[in-house]
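Next come the chains, spelled out residue by residue.
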Amino acid sequence: FFLLHVTFSIDSDILVLSLSSTHMTGHDMTIIMNQSLRISMSILMIAASALSNTNASTIESFAADCDFDDYYNGVDIYDRDALHALTKSKHRHVLPYTSNSQLDVWDALIDLDGIDSDGGNGRLVHLVYRDADVTAEEYGTADTWNREHVWPKSRGVGDNGPDYTDVFALRPSDWSVNAARGKKLFGECGLVHTMSECKVPAHVEAAADTAADPSIWLPPKDVRGDLARSLMYMAIRYDGESDDDSDRLDLELSDCPDSPPAGDSSSLMGYLSILLKWHQEDIVDLKERQRNENVCKRWQGNRNPFVDYPELVDYYFGAESGYSGYNCDNDGESNDGSSSNNDQCAGLVPGDLMISGFKSDNPDLVSIVALVDIDDTATLYMTDNAYTGTALRSNEGVVKVRNSS
């Protein structure tokens, strides 16, 4: 076998690397290579400095104005448009989701949600729904961990852009548990389904204090407030309502995310009342404040105002705030609070529409006959969600049909 020996010394600002290779067979030893490599120390130091500065400029370039007082200086935090504009404009660095050439979301989550192992086994990350720490450097496979979009992609977050890689709404998660959560809404068992359909824990590998039913997901107790405030951040950051806002994505929180008055649930997340409850029960702690600080200084350049000012939660999303997410009645207002032509039930009573044919297949086919005149602008909504006696369940879909007369 071969032995490779490396020694170094410094001679007049020159680093001398001495390399020798020895071939050993039994008791015989033969030196087959002996060579010195001389490298200028100044060149070596410049190269090391360049590598260090690359990380520093990428990770900590926002530190100057991320300090709490400087960040909010001159901003009226009680003005929704002003707070949205601040949160968006300060989001100066949009991370790549995955990259081989620059720091990406994987790196950010390892930094933000990671800890150093006491046993010298390297970096660990905390898995949000499993409530456990695992090795950070093994990721992206079914046996390791992946990246959980707290606001599911199928509920408004796209497959690219700042919303897709916003680390305020991303957490490390066990692969299997993440898949079990899917696009389920945050809430508590009994809200939509009967308690007999509730499963505790939510998944065999999830934390003991989690729960799930066909449409609801209850995360561990110690992160419920954190996740609620993450969703509230998303609703402010991606609030594409301003006329001059080029980012038109409008994410909203709702108590009726699967059956809103306007009939469009594509960008809604819930359940709002439960999120308010979690915010009050699981208050902001030092760990959440530090994560908020690090997101700004190291990764994105912006902050979560609901971590910095917890009282803003009630101001913007409380039951008395006027926020439209509580509007679950079909009363002529859309979910964003604006007036809409949503009076299609006005004047109609049970029996005015008759189902004349139905075939359950893929796709389902339904024939409807109107027994009375229907307004030309009316819109019909059809769902195969079961009715519990008080409300529709939300595990199935809703189809919107416009009057073609």
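Residues numbered from 1 in each chain as written. Predicted model: local features only at pLDDT ≥ 70, side-chain atom pairs only at ≥ 80, totals over all residues. Heavy atoms only, no water.

Peer 1: Could you give me a rundown of the nonpolar core, with the residues and numbers involved?
Peer 2: F186, M232, L253 and F317 are the most contacted members of the largest nonpolar core, which totals 69 residues. Looking at this core element by element, the count peaks at eight residues for helix α6 (residues 224–237). Contact partners of L253, with chain neighbours within four places excluded, come to W151, L231, M232, A235, M269, L272, L275, F317, Y323 and G325. (Core = buried A, V, L, I, M, F, W, Y, C linked by side-chain atoms within 4.5 Å. Buried < 20%, exposed > 50% of the residue type's maximum accessible area, 1.4 Å probe, protein only. Helix = DSSP H or I, 4+ residues; strand = E, 2+ residues; numbered from the N terminus. Contact = heavy atoms within 4.5 Å.)

Peer 1: Let's hear about the sheet that holds strand β9 (residues 185–186): which residues, and what values?
Peer 2: Strand order in the open sheet formed by three strands is β9-β11-β10, with mixed pairing between adjacent strands. Of all strands in the sheet, those with a lone pairing partner are β9 and β10 (211–212), marking the two edges. One ladder, built from two bridges, connects β9 with strand β11 (residues 216–218); its direction is parallel. Paired with L185 across the two strands is I216, which belongs to β11. (Pairing = 2+ DSSP bridges.)

Peer 1: Got a sec to walk through the confidence of the model for the protein? Specific residues and values, please.
Peer 2: When pLDDT is averaged along the protein, the result is 78; 68% of the residues meet or exceed 70. Across residues 1–58 the pLDDT falls below 50, and counting only partners more than four positions away or on other chains, this stretch makes 76 contacts in the model. Considering only residues more than four positions removed or in separate chains, one finds that residues 330–344, a stretch of pLDDT under 50, has 34 contacts. (pLDDT = per-residue confidence, 0-100.)

Peer 1: Before we move on, could you go through the packing of helix α3 (residues 80–89) against α6 and cite the residues and values that matter?
Peer 2: Contact pair α3 / α6: the axes reach a minimum separation of 8 Å and the direction vectors enclose 100 degrees. Looking at the two axes, α3 sits roughly perpendicular to α6. Contact residues: R80, L83, H84, T87 and K88 in α3; Y233, A235, I236 and R237 in α6. Grouping the constituent residues of the contact of α3 with α6 by class yields four nonpolar, two polar and three charged. (Axes fitted to C-alpha atoms, helices over the stretch in contact; angles between N-to-C directions. Parallel < 35°, antiparallel > 145°, perpendicular 65-115°, else oblique. Nonpolar A, V, L, I, M, F, W, Y, C, P; charged D, E, K, R; others polar.)

Peer 1: Report on the packing of aromatic side chains, specifying residues and quantitative values.
Peer 2: Counting across every chain of the model gives 16 aromatic pairs. Where F68 meets Y309, the ring centres are 5.3 Å apart and the plane angle is 40 degrees; that geometry is what we call tilted. Placement of F68 in helix α2 (residues 68–72) and of Y309 in the loop between α9 (305–308) and α10 (312–317) is noted, with a sequence separation of 241 residues between them. Since its relative accessible area comes to 31%, F68 is described here as partly exposed. Assessed through its relative accessible area of 17%, Y309 is described here as buried. Among the aromatic residues, those joined into a ring-pair cluster are Y78, F306, Y315, Y316, F317 and Y323. One residue, R147, lies across the ring of Y97, its end atom 3.6 Å from the ring centre. Sitting above the plane of the F186 ring, R181 keeps its charged end 4.3 Å from the centroid. (Phe/Tyr/Trp six-rings, centres within 6.5 Å; stacked < 30°, edge-to-face > 60°. Lys NZ or Arg CZ within 6 Å of the ring centre and 35° of its normal.)

Peer 1: How would you summarise the sheet that holds strand β4 (residues 114–116) if you had to cite specific residues and measurements?
Peer 2: Strand order in the open sheet made by the three strands is β4-β5-β6, with antiparallel pairing throughout. Whereas interior strands pair on both sides, the edge strands pair on one side only; in this sheet they are β4 and β6 (132–135). Across the sheet, the mean angle from the axis of one strand to that of its neighbour is 40 degrees, orientation sign disregarded.

Peer 1: Now, about the side chain of S230: what can you tell me, with residues and values included?
Peer 2: Within the element layout of this structure, S230 appears in helix α6. If we skip the residues at most four places from it in the chain, S230 touches F168, R171 and N304.

Peer 1: Give me the state of the cysteines: which residues, what numbers.
Peer 2: What the rule picks out here adds up to three disulfides. Two residues, C189 and C198, share a disulfide whose sulfurs are 2.0 Å apart. Here the disulfide of C189 and C198 is right-handed, its torsion about the S-S bond being about 70 degrees. Residue C189 is classed as buried on the basis of its relative accessible area of 18%. (Disulfide = S-S within 2.5 Å.)

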